[in-house]
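Read off the chains here:
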Amino acid sequence: MLWVIAKQLKSHPALIPLFVFIGGGAAMSIAYLSRLALRNPDVSWDRKNNPEPWNNMKPDQQYKLFTVNMDYSKLKKEGPDF
Amino acid sequence: MEDIQAKLQNYRTAPFDARFPNSNQTRNCWSNYLDFYRCQKALDAKGVDTAPCDWYKRVFTSICPISWVQKWNDQREEGNFPGKI
């Protein structure tokens with residue numbers, strides 16, 4: 001099937017941008033979904049050994065990609081240890 | 001120890017928590033509620049004064065809807081509470 005597509009692309013080269021943009025969009029969606037699945041501290045894959053993954057974060061660890069007004073380097077742990 | 005007393009004196013509202021950076025703060029409320037009762041249980045078991053745990057109580061009182069806190073308190077008394085304390 002890939003060979004059929006390659007042949008069609010050679011005779012209709014204008015289709016190449018279509019593949020580029022659709023492929024790029026699909027790659028970005030998959031990348032974001034995997035980031036959410038693997039890195040999101042709300043997601044727990046192993047409930048027995050890691051039941052509350054948000055507690056494994058440091059107090060100044062940044063999860064968001066872009067933070068506009070928040071200076072993460074100044075944060076410390078607030079509550080007392082027990 | 002005096003540090004936590006100072007923090008409790010100067011408390012205005014729940015501070016930013018890097019574990020919960022988005023606008024949905026449900027988990028923040030849940031986590032502090034659990035932490036308060038776990039802190040009380042742990043410090044009671046050690047025989048130490050549980051006053052530092054009040055930090056968590058102030059935070060969840062600021063963040064959580066009152067109906068949730070009342071529901072969880074009732075569940076704890078009946079033994080139905082779903083969280084691990």
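Structural data are supplied above this passage.
Residues numbered from 1 in each chain as written. Chains lettered and ligands numbered in written order. Predicted model: local features only at pLDDT ≥ 70, side-chain atom pairs only at ≥ 80, totals over all residues. Heavy atoms only, no water.

A. Local environment of the interface of chain B and chain A. At the junction of the two partners, chain B supplies 21 residues and chain A supplies 18 residues. Buried area between chain B and chain A, both sides added, is near 1700 Å², and the carbon and sulfur share of it is 61%. For the chain B face of the interface with chain A, the top three residues by lost area are Phe16, Arg19 and Arg27 of chain B, together amounting to 32%. The tally of links from chain B across to chain A stands at two salt bridges. Across the pair Arg27 of chain B and Asp42 of chain A runs a salt bridge whose closest N-O atoms are separated by 3.4 Å. Between chain B and chain A we count five residue pairs in polar contact (both at pLDDT 80 or more) in total. Among the secondary structure elements, those contributing two or more residues to the side of chain B that touches chain A are helix H1 (2-9), helix H2 (26-46) and helix H3 (54-63) of chain B. (Contact = heavy atoms within 4.5 Å. Buried area = accessible area lost by both parts, 1.4 Å probe. Salt bridge = Lys/Arg side-chain N within 4 Å of Asp/Glu carboxyl O. Polar contact = N/O pair within 3.5 Å; in protein donor to acceptor, adjacent residues only side chain to side chain. Helix = DSSP H or I, 4+ residues; strand = E, 2+ residues; numbered from the N terminus.)

B. Structural detail: the pattern of salt bridges. All names here are of chain B. In this structure the tally under the stated criterion is three salt bridges over all chains. Across the pair Arg19 and Asp17 runs a salt bridge whose closest N-O atoms are separated by 2.7 Å. For the pair shown, Arg19 and Asp17 are each scored as buried. (Buried < 20%, exposed > 50% of the residue type's maximum accessible area, 1.4 Å probe, protein only.)

C. Seen up close, the state of the cysteines. Residue and element names in this part refer to chain B. One pass over the full model with this rule turns up two disulfides over all chains. Put simply, Cys29 and Cys64 are joined by a disulfide, and their sulfur atoms are 2.1 Å apart. Because the torsion about its S-S bond is 120 degrees, the bridge between Cys29 and Cys64 counts as right-handed. Pair noted here: Cys29 is in helix H2 and Cys64 is in the loop between H3 and helix H4 (66-78), with a separation of 35 residues, a long-range link. (Disulfide = S-S within 2.5 Å.)

D. Structural context of the packing of H2 of chain B against H3 of chain B. Residues and elements named next belong to chain B. As a packed pair, H2 and H3 sit with axes 8 Å apart at the nearest point and diverge in direction by 150 degrees. As judged from the angle between their axes, H2 and H3 are roughly antiparallel. Both H2 and H3 take part in a crossing whose hand is left-handed. Packed against H2, whose contacting residues are Asn28, Cys29, Asn32, Tyr33, Asp35, Phe36 and Cys39, the element H3 presents Asp54, Tyr56, Lys57, Val59, Phe60 and Ile63 at the interface. The residue inventory of the contact of H2 with H3, partitioned by class, reads eight nonpolar, two polar and three charged. (Axes fitted to C-alpha atoms, helices over the stretch in contact; angles between N-to-C directions. Parallel < 35°, antiparallel > 145°, perpendicular 65-115°, else oblique. Left-handed = near helix turned anticlockwise from the far one by under 90°. Nonpolar A, V, L, I, M, F, W, Y, C, P; charged D, E, K, R; others polar.)

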